[in-house]
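# Examination of the molecular architecture
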Amino acid sequence: MTRKHTLVIAAGVSVVLAAGWISSASKNPRPQEISESEKRGTFRQQVARAKSNGAKKIQMTGLVVMYEQVRPLDGILDRYDLVLAQPVEVRGYVGEHDSITSWYRLKILETISRAPDPPTLPFDPPAEFSPVADDELLLSKSGGTVTVDGVEVTLEEHNFPALSLSKQYLLFLRADRVRKVASADLGPTGALMISDEGFLESVGGSPSLKREVEKRYGKSLGEIKRKIGGGGVP
């Protein structure tokens with residue numbers, strides 16, 4: 001894959017992700033970035049400091065991910081599956097460069113439209129998520145919560161909060177239907193939460209895609225399903 005997601009983590013480490021591959025940090029960070037990193041300390045230093053102070057939890061901020069630019073809706077539907085899904089399980093993992101990634105098990109309640117040429121995604125979910133049911137997909141997302149040396153560490157992604165296990169979402173996903181994994185390359189723009197009344201709510205990022213969907217197909221989930229997918233794709 002050629003698209004890259006750039007992460008800037010609170011501990012001052014920069015990494016580049018491309019379908020799960022990680023490159024080293026920039027060799028020439030700006031002076032102000034060095035200063036801020038030194039003030040905070042590395043991921044492990046922050047955990048050690050919290051532990052020595054008797055803290056059981058720490059919150060880290062500053063994770064920024066550069067997602068694919070939103071294109072006209074027709075182009076998006078040609079490349080992304082549009083699904084109604086609910087997260088039913090989430091686990092956080094510490095990766096290289098002390099990055100935190102969450103893996104979600106999504107129950108696909110309805111596939112509203114499918115991209116005509118589904119991708120093959122070259123990354124593997126954690127083994128403990130197997131088996132994956134026919135109506136499920138596994139989705140990775142930057143940020144999350146892990147426990148390190150007895151300290152609960154939460155790293156939040158800017159403008160893209162953690163997905164709630166009690167909510168349903170309308171998601172634009174690049175879905176590998178064979179391997180049952182998916183990526184949210186549009187980030188928060190392509191993740192729309194469904195309100196209790198059945199309307200779309202932005203979770204963060206630009207509301208441009210939400211506005212285009214509502215302008216073309218209506219504001220309620222029922223209207224959108226009827227007009228895009230004729231009630232869903234089996």
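Here, every reference points to the structure presented above.
What you are looking at is a predicted structure, and each value in this text was computed from that prediction instead of being measured.

The rules behind the values
- Residues numbered from 1 in each chain as written.
- Predicted model: local features only at pLDDT ≥ 70, side-chain atom pairs only at ≥ 80, totals over all residues.
- Heavy atoms only, no water.
- Helix = DSSP H or I, 4+ residues; strand = E, 2+ residues; numbered from the N terminus.
- Buried < 20%, exposed > 50% of the residue type's maximum accessible area, 1.4 Å probe, protein only.
- Contact = heavy atoms within 4.5 Å.
- Areas by Shrake-Rupley, 256 points an atom, 1.4 Å probe, with all protein chains shown as cover.
- Core = buried A, V, L, I, M, F, W, Y, C linked by side-chain atoms within 4.5 Å.
- Arc of directions from axis to C-beta.
- Phe/Tyr/Trp six-rings, centres within 6.5 Å; stacked < 30°, edge-to-face > 60°.
- Lys NZ or Arg CZ within 6 Å of the ring centre and 35° of its normal.
- Pairing = 2+ DSSP bridges.

Moving on, we come to the overall build of the protein chain. Helix and strand counts for the protein chain come out as 5 helices and 13 strands. Per-residue burial for the protein chain yields a buried fraction of 45% across its 234 residues. When contacts within the protein chain are restricted to residue pairs at least 6 apart in sequence, those whose partners lie at least 24 apart make up 69%. Total accessible area computed for the protein chain in this model is approximately 12,000 Å², and 50% of it derives from carbon and sulfur atoms.

Let us now look at the environment of Leu106. When you line up the elements, Leu106 lands in strand E6 (residues 100-113). For the pair Leu106 and Glu136, spaced 30 residues apart in the sequence, the C-alpha separation amounts to 5.4 Å. Sequence-distant contacts of Leu106, defined by excluding residues within four places in its chain, comprise Ala85, Gln86, Pro87, Asp135, Glu136, Leu137, Leu139, Leu171 and Leu173.

Further remarks concern the nonpolar core. One broad rule of soluble globular proteins: the nonpolar side chains tend to lie buried together. Of all hydrophobic cores here, the largest spans 32 residues; its most connected members are Phe43, Val47, Leu106, Leu139, Val153, Leu171 and Leu173. Leu139 has contacts with Ser102, Trp103, Tyr104, Leu106, Leu163, Leu173, Ala182, Ser183 and Ala184, leaving out every residue within four places of it along the chain.

Turning next to helix H2 (residues 43-52). Inspection of H2 places Phe43, Gln46, Val47 and Ala50 among the buried residues, and these make up the whole buried set. Down the axis, H2 shows its buried residues gathered within 100° of arc, on one side only.

What follows concerns the packing of aromatic side chains. In total, this model carries 2 aromatic pairs according to the counting rule given. Look at Tyr67 and Phe160: their rings are 6.2 Å apart centre to centre, the planes differ by 70°, and that puts the pair in the edge-to-face class. On the criterion of sequence distance, the pair formed by Tyr67 in the loop between strand E4 (57-65) and helix H3 (73-79) and Phe160 in the loop between strand E9 (151-157) and strand E10 (169-176) is long-range, its members being 93 residues apart. Just as Tyr67 is buried, Phe160 falls in that class too. Sitting over the face of the ring of Phe129, Arg91 holds its NZ or CZ atom 5.5 Å from the ring centroid. Between the NZ or CZ atom of Lys141 and the centre of the ring of Phe160, over which it lies, the distance is 4.4 Å.

Residues of helix H5 (residues 221-229) that are buried: Leu221, Ile224 and Ile228. Taken end-on, H5 shows its buried residues confined to a sector of 60°, consistent with a single buried face. Projecting away from the buried face of H5 at angles above 90 degrees are the exposed residues Arg226 and Lys227.

Okay, the pairing of E6 next. Burial within E6 is extensive, with 11 of its 14 residues counted as buried. Looking at chain direction, strand E5 (residues 81-94) and E6 are connected through 12 bridges and run antiparallel. Looking at the pairing, Pro87 lines up with Leu106 of E6. Bridging between E6 and strand E7 (residues 136-142) involves 7 bridges; their strand directions are antiparallel. By the bridge assignment for E7, Arg105 is matched with Leu138.

With that settled, the discussion passes to unusual backbone geometry. Cis geometry is found at the peptide bond from Ser130 to Pro131, where omega equals -5°. Among the secondary structure elements, Pro131 is positioned in the loop between E6 and E7. Of note, Asp149 is a non-glycine position whose phi angle comes to about 50°, a positive value. Of note, Asp149 is situated in the loop between strand E8 (144-148) and E9. We classify Asp149 as exposed; its relative accessible area is 52%.

Purely geometric stuff here, so don't read any function into it on its own.
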